[in-house]
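Examination of the molecular architecture
For reference, the chains in residue letters:
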Amino acid sequence: MDPEFLRRLAEENVRFDEYYVVASATRASVTSFFTSLYPVQHASYDQPLVGRKGEELLIRSVAVAESIHTVPKLLREHG
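Conventions used here
- Residues numbered from 1 in each chain as written.
- Predicted model: local features only at pLDDT ≥ 70, side-chain atom pairs only at ≥ 80, totals over all residues.
- Heavy atoms only, no water.
- Helix = DSSP H or I, 4+ residues; strand = E, 2+ residues; numbered from the N terminus.
- Contact = heavy atoms within 4.5 Å.
- Buried < 20%, exposed > 50% of the residue type's maximum accessible area, 1.4 Å probe, protein only.
- Arc of directions from axis to C-beta.
- Salt bridge = Lys/Arg side-chain N within 4 Å of Asp/Glu carboxyl O.

Structural notes on the side chain of Thr-31
Topologically, Thr-31 is positioned in helix H2 (residues 26-35). In contact with Thr-31, other than residues within four places in its own chain, are His-42, Ser-44, Val-62 and Val-64.

Printed below as a string of structure tokens:
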């Protein structure tokens, strides 16, 4: 990544020194951060993160409904 880009990004953006979470569980809290919704609205806390396929242990990512806008989706849509 371009070091000049990172310098400009740091200079031109806002930094928050404190952040209050809406849930004690990391999965629900981070999903809330990226969706601006409470855990009961995005329901990520109901999803198992670990599963098995035969002997293989699978780590699953959190999925939210397609109708929910997330920061990563918005960034992807706008290049």
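Quick look at H2
Every buried residue belonging to H2 is among Ala-28, Ser-29, Thr-31, Ser-32 and Thr-35, and all of these are buried. An end-on view of H2 places all buried positions within 165° of arc, on one side of the element. On the buried face of H2, the contacting elements are helix H3 (39-42). Once H2 finishes, Ser-36 follows within two positions and takes phi at roughly 60°, a positive value.

Focus: the pattern of salt bridges
Across all of its chains, the model carries three salt bridges by this definition. A salt bridge links Asp-17 to Arg-15; the shortest N-O distance between them is 3.1 Å. With respect to class, Asp-17 is no different from Arg-15; both count as exposed. One salt-bridge network, in which partners are shared between bridges, spans Glu-4, Arg-7 and Glu-11.

Take it as geometry only, folks, not as evidence of what the structure does.
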